[in-house]
Amino acid sequence: MKYILPLLLMLVSYSTFGQQHQLGLRLGDPYGVTYKTPINDKFSLEGILGRGSQNSGQYYRRTFENNRPVSSARYYAHQVSGAFSLQARGIYEEAFTEDFNISEGELTVYAGLGLQFRSVSIDYYYSTPNASEDAPELVESRSNIDFGPEVFVGSSYYFEDLPIALFVEFGFLTEIVDRLHLKGQGAIGARYLFGK
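These numbers come from a predicted model, not from an experiment. (Residues numbered from 1 in each chain as written. Predicted model: local features only at pLDDT ≥ 70, side-chain atom pairs only at ≥ 80, totals over all residues. Heavy atoms only, no water.)

> How do you make sense of empty space enclosed by the protein when you look at a structure like this?
Empty pockets left among the atoms are what a rolling probe the size of a water molecule brings to light. Inspection of every chain in the model, using the stated rule, returns two cavities of 30 Å³ or more. Taken as a whole, the largest cavity encloses approximately 50 Å³ of empty space. Forming the walls of the largest cavity are Gly52, Ser53, Gln54, Asn55, Tyr60, Ala83, Phe84, Arg118, Ser119, Val120, Asn144 and Asp146. Among the elements that make up the lining of the largest cavity, the one with the highest residue count is strand β5 (residues 106–127) (three residues). Tallied by class, residues from the lining of the largest cavity come to four nonpolar, six polar and two charged. Its boundaries defined by the atoms lining it, the second largest cavity holds a volume of some 30 Å³. Of all the secondary structure elements, the ones that give two or more residues to the lining of the second largest cavity are β6 (138–158), β7 (164–175) and β8 (181–193). The leading source of residues in the lining of the second largest cavity is β7, at three residues. (1 Å grid on protein atoms, 1.4 Å probe; cavity = no way out; pocket = protein on both sides within 12 Å on 5 of 7 lines; lining within 4 Å. Points joined across faces, edges and corners; volume = space filled by probe spheres on them. Helix = DSSP H or I, 4+ residues; strand = E, 2+ residues; numbered from the N terminus. Nonpolar A, V, L, I, M, F, W, Y, C, P; charged D, E, K, R; others polar.)

Following this line, the structure appears as structure tokens:
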């Protein structure tokens, strides 16, 4: 009997919590699947699994030249594949529906901090000065890992009669692993609200 009350409280809190889950798609940089769930009325957590865009060609060329396979290697070209991105974020969200006199649905503005991990595979094509003219190009395969904190701002619109939220956001990733690098990124997307 003494376990019934805690069990009921857990079920009620779970059913309330379960209605807040949001699952959706994000298009932009990075793009992928987004899952968001609230901690309370203003704060929520989000996880994003997807693919990030590659860095600029100059970024990869500089990376090669700073770490040549042999000291005489001359960069020729590169090819990037297998991009992967994983994000974990904390979000603060505030309603602005009344400020813009919106009669249906809810408009929110949000800001947050997170951590982002990115990985790509790179094939570097290069030559050496002593190679003969008919010698094949040399290839070195590497993995490029980017990891660091991100900051972002955005806005969401929650429909009144549909369990759907649309969002748009912009932010910056500061890469601290591999080398210090600042990258702008943004996205639009939609999420389905469970139980709404």
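> Any chance you could explain the packing of aromatic side chains here in plain terms?
Each pair of aromatic rings is reported with the distance of its centres and the angle of its planes. Scanning the model with the defined rule gives 10 aromatic pairs in all. On the basis of an interplanar angle of 90° and a centroid distance of 5.3 Å, the ring pair of Tyr59 and Tyr60 is categorised as edge-to-face. Linked through ring pairs, Phe64, Tyr75, Tyr124 and Tyr126 together constitute an aromatic cluster. A cation sits over an aromatic face here: Arg89 above Phe152, 3.6 Å from the ring centre. (Phe/Tyr/Trp six-rings, centres within 6.5 Å; stacked < 30°, edge-to-face > 60°. Lys NZ or Arg CZ within 6 Å of the ring centre and 35° of its normal.)

> How do you make sense of the side chain of Thr108 when you look at a structure like this?
Along the chain, the position of Thr108 falls in strand β5. Filtering out sequence-adjacent residues up to four positions away, Thr108 remains in contact with Glu93, Glu94, Ala95, Phe96, Gly154, Ser155, Ser156 and Tyr158. (Contact = heavy atoms within 4.5 Å.)

> Where do I start with the nonpolar core in this structure?
Nonpolar side chains in soluble globular proteins tend to end up buried together. Tyr59, Tyr60, Phe64, Ala73, Tyr75, Ala83, Val120, Ile122, Tyr124 and Tyr126 form the largest nonpolar core, which has 10 residues in total. Listing elements by their share of this core, those giving two or more residues are α2 (57–66), β4 (74–95) and β5. Tallying contributions element by element places β5 first for this core, with four residues. Setting aside residues up to four positions removed in sequence, Phe64 forms contacts with Pro69, Ala73, Arg74, Tyr75, Tyr124, Tyr126 and Arg142. (Core = buried A, V, L, I, M, F, W, Y, C linked by side-chain atoms within 4.5 Å. Buried < 20%, exposed > 50% of the residue type's maximum accessible area, 1.4 Å probe, protein only.)

> What am I meant to see in the pattern of salt bridges here?
Pairing is possible between side chains of opposite charge, provided their charged atoms come close. Summed over the entire model, instances satisfying the criterion amount to 11 salt bridges. Close ionic contact of Glu169 with Arg26 constitutes a salt bridge, the shortest N to O distance being 2.7 Å. In this pair, Glu169 is assigned in strand β7 and Arg26 in strand β1 (residues 22–28), connecting sequence segments 143 residues apart. According to the relative accessible area criterion, Glu169 is buried, its value standing at 7%. Look at Arg26 and you get buried, because its relative accessible area is 2%. Notably, a salt bridge pairs Lys36 with Glu93, separated by 2.9 Å at the nearest N-O pair. With Lys36 in strand β2 (residues 31–38) and Glu93 in strand β4, this residue pair connects regions lying 57 residues apart in the sequence. For the pair Lys36 and Glu93, a shared accessibility class is recorded, and that class is buried. Several salt bridges converge on common partners, so that one network encompasses Arg26, Glu46, Arg89, Glu150, Glu169 and Arg191. (Salt bridge = Lys/Arg side-chain N within 4 Å of Asp/Glu carboxyl O.)

> Would you explain α2 in this entry?
The periodicity of an α-helix, 3.6 residues per turn, causes residues three or four positions apart to be oriented the same way. Those residues of α2 that sit buried are Tyr59, Tyr60, Thr63 and Phe64. Each buried residue of α2 lies within a common arc of 135° when the element is viewed along its axis, so the set occupies one face. Contacts made by the buried residues of α2 are with β4, β5, β6, β7 and β8. (Arc of directions from axis to C-beta.)

> How should I be thinking about the pairing of β6 in this particular structure?
Pairing of β5 with β6 involves 21 bridges; the strand directions are antiparallel. Within β6, the position partnered with Asp123 by the bridge is Ser141. Note that β6 and β7 share nine bridges and pair antiparallel. Bridge pairing in β7 places Ser155 opposite Val168. (Pairing = 2+ DSSP bridges.)

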